[in-house]
Amino acid sequence: MKRIVTIQDISCVGKCSLTVALPIISAMGTEAAVIPTAVLSTHTAFKKFTFCDLTKEITPICEHWKNTGIGFDAIYTGYLGSFEQIELTEKLIADFKTENSLTLVDPAMADGGKLYAGFTVDFAKRMSLLCSKADIIVPNITEASFMLGVPYIEEGYDEEYIKDILKKLTDLGCKTAVLTGVSFEKDKIGVMSYNSESGKYFSYFRERIPESFHGTGDVFASTFLGALMRGRSVDDALKVATDFTVESIKATVGNAPDRKYGVNFEEVVPYLVSRMDK
């Protein structure tokens, strides 16, 4: 069985970050090791949440793993809350990445044209340096715009605009860049990727569901990596991740009194397992 390590926060209530990554990756047949960067009572969309910073625990965890000889087939980064956590994640990559392992960075820090609370433009630029050390990155258009220092366009862009963004993202140093939330038609939304080695683009779209829920980016990234660990190609893994995210949203629409709790991906895990067995 392959083993990945994912470094991001854990919210006790509210499906995002580790509470999404752990069950999805495990259900897809890959061991998920974790480095929790913080423990929150709920994620930050709730009011008056508690927060316990675990930054000081990251180095001792990594040192113990090194001394024990533990290795990983993939390194997966999600929400990182500080410059120090980015630096420690870079050290994690330097210490544990091998010729045969994969590094995936989800620069979770912005959406809808705005940075998340507490983040700055300087933080986005620092995140771009972490992305340079990845094999694959999966930003949304907002995150890509902040990392590259280019204007954010919410709608009305064309394919050439997205292709230019993707090329600039791979110029940071990663092999493959994936942009999520791409839409060229009003009723469709999906992903587009670019492989800098082959020079090939790939896109995949599904119907747009006029609802938004917290944590869908984490569902997508975790499913994407899980599919890669099962031997799927990048293109096929993007299809699996997009489809599972859409099906999770469908399972939630009309069945969620509060969007902050995230999507009911658990109900759709049987579909995902069946999809991976095909």
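What comes next is a walk through the structure. Every chain's residues receive numbers from 1 upward, in the order its sequence appears when written. The predicted nature of this model means local features are confined to residues of pLDDT at least 70 and side-chain atom pairs, given and counted, to a pLDDT of 80 or more, with totals for whole chains, interfaces and linings taken over all residues. Excluding hydrogens and water, the side-chain values take into account all heavy atoms of the structure.

**Comments concerning the overall build of the protein**
Phase 1 of the analysis: Put simply, DSSP H or I for four residues or longer makes a helix, DSSP E for two residues or longer makes a strand, and each gets a number counted from the N terminus. Scanning the protein from N- to C-terminus turns up nine helices and eleven strands.
Phase 2 of the analysis: We take the radius of gyration over the C-alpha atoms and set the globule estimate at 2.2 Å times the residue count to the 0.38 power. For the protein, the C-alpha radius of gyration of 17 Å lies close to 19 Å, the compact-globule estimate for 278 residues.
Phase 3 of the analysis: Seen through its principal axes, the protein has C-alpha atoms that stretch 50 × 40 × 40 Å.
Phase 4 of the analysis: In these tables, accessible area is a Shrake-Rupley quantity obtained with a 1.4 Å probe, and a residue counts as shielded only by the protein chains included in the view. Carbon and sulfur atoms make up 51% of the accessible area of the protein, which totals about 12,600 Å².
Phase 5 of the analysis: Of the charged side chains in the protein, 30 are positive and 37 negative, and the gap between their average positions amounts to 2 Å. The charged-residue count follows a simple rule in which Lys and Arg add positive charge and Asp and Glu add negative charge, with His and chain termini not counted at all. Note on charges: their place is set at NZ of Lys, CZ of Arg, CG of Asp or CD of Glu.

**A closer look at the side chain of N264**
Phase 1 of the analysis: Within the secondary structure, N264 sits in the loop between α8 (234-252) and α9 (269-277).
Phase 2 of the analysis: On the basis of relative accessible area, N264 is assigned to the buried category, the value being 13%.
Phase 3 of the analysis: Under the rule applied, a polar contact is a pair of N or O atoms within 3.5 Å (in protein, one hydrogen donor and one hydrogen acceptor; residues adjacent in sequence only if both atoms are side-chain atoms). Side chain to side chain, N264 and K15 meet in a polar contact 3.4 Å long. Three exposure classes are used, based on accessible area relative to the maximum for each residue type with a 1.4 Å probe and protein chains only: buried under 20%, partly exposed in between, and exposed over 50%.

**Things to note about the pattern of salt bridges**
Phase 1 of the analysis: The term salt bridge refers to a side-chain nitrogen of Lys or Arg lying within 4 Å of a carboxyl oxygen of Asp or Glu. Counted by the stated rule, this structure contains 20 salt bridges.
Phase 2 of the analysis: The partner of K91 in a salt bridge is E63, and the shortest N-O contact between them spans 3.9 Å. Taken as a pair, K91 in helix α3 (residues 83-96) and E63 in helix α2 (residues 55-68) lie far apart in primary sequence, 28 residues in all.
Phase 3 of the analysis: The shortest N-O distance in the salt bridge between R232 and D236 comes to 2.7 Å.
Phase 4 of the analysis: Given the relative accessible area of 24%, D236 is considered partly exposed.
Phase 5 of the analysis: Bridged by salt links that share partners, the residues R206, E207, D243, E247, K250 and R275 form one connected network.

**Things to note about the pairing of strand β9 (residues 176-182)**
Phase 1 of the analysis: Counted residue by residue, β9 has six buried out of seven residues, so it is predominantly covered.
Phase 2 of the analysis: Of the pairings in the sheet, the one linking strand β8 (residues 136-137) to β9 comprises two bridges and is parallel in character. Note on β9: the bridge partner recorded for I136 is T176.
Phase 3 of the analysis: For two strands to count as paired, DSSP must find a minimum of two bridges between them. Of the strand pairs in this sheet, β9 and strand β10 (residues 188-195) are connected by six bridges, and their pairing is antiparallel. Paired with T176 across the strands is N195, a residue of β10.
Phase 4 of the analysis: Remark: five residues form the turn of the hairpin made by β9 and β10, two consecutive strands paired antiparallel.

**Description of the nonpolar core**
Phase 1 of the analysis: Counting residues in hydrophobic clusters, the biggest one holds 41 residues, and the most contacted among them are I35, M109, I137, I162, L169 and L179.
Phase 2 of the analysis: It only takes one pair of heavy atoms within 4.5 Å for two residues to be counted as in contact. When neighbours within four sequence positions are excluded, I137 is seen to be in contact with V105, C131, L169, C174, T176, A177 and V178.
Phase 3 of the analysis: Throughout this description, the term nonpolar core refers to a set of buried Ala, Val, Leu, Ile, Met, Phe, Trp, Tyr and Cys residues connected via side-chain atoms within 4.5 Å. Core analysis: the second largest hydrophobic core is formed by 39 residues, Y204, L228, F244 and A251 among them.

**Description of empty space enclosed by the protein**
Phase 1 of the analysis: Note on definitions: the grid is 1 Å and covers protein atoms alone; a cavity is a set of points where a 1.4 Å probe fits but cannot get out; a pocket is an open set with protein on both sides within 12 Å along at least five of seven lines; lining residues have an atom within 4 Å of a point. Grid points are joined across faces, edges and corners, and a volume is the space filled by probe spheres set on the points. If you walk through the whole model with that rule in mind, you get one cavity of 30 Å³ or more.
Phase 2 of the analysis: Within this model, the largest cavity holds a volume of roughly 60 Å³.
Phase 3 of the analysis: Taken together, I58, T59, C62, E63, L88, K91, L92 and D95 form the lining of the largest cavity.
Phase 4 of the analysis: Every element with two or more residues in the lining of the largest cavity is listed here: α2 and α3.
Phase 5 of the analysis: Residues of the lining of the largest cavity, tallied by class, amount to four nonpolar, one polar and three charged. Classification used: nonpolar for Ala, Val, Leu, Ile, Met, Phe, Trp, Tyr, Cys and Pro, charged for Asp, Glu, Lys and Arg, polar for all others including Gly.

**What about the layout of surface pockets?**
Phase 1 of the analysis: Counted as a void, the second largest pocket has a volume near 190 Å³.
Phase 2 of the analysis: Residue composition of the lining of the second largest pocket, by class: five nonpolar, three polar and four charged.

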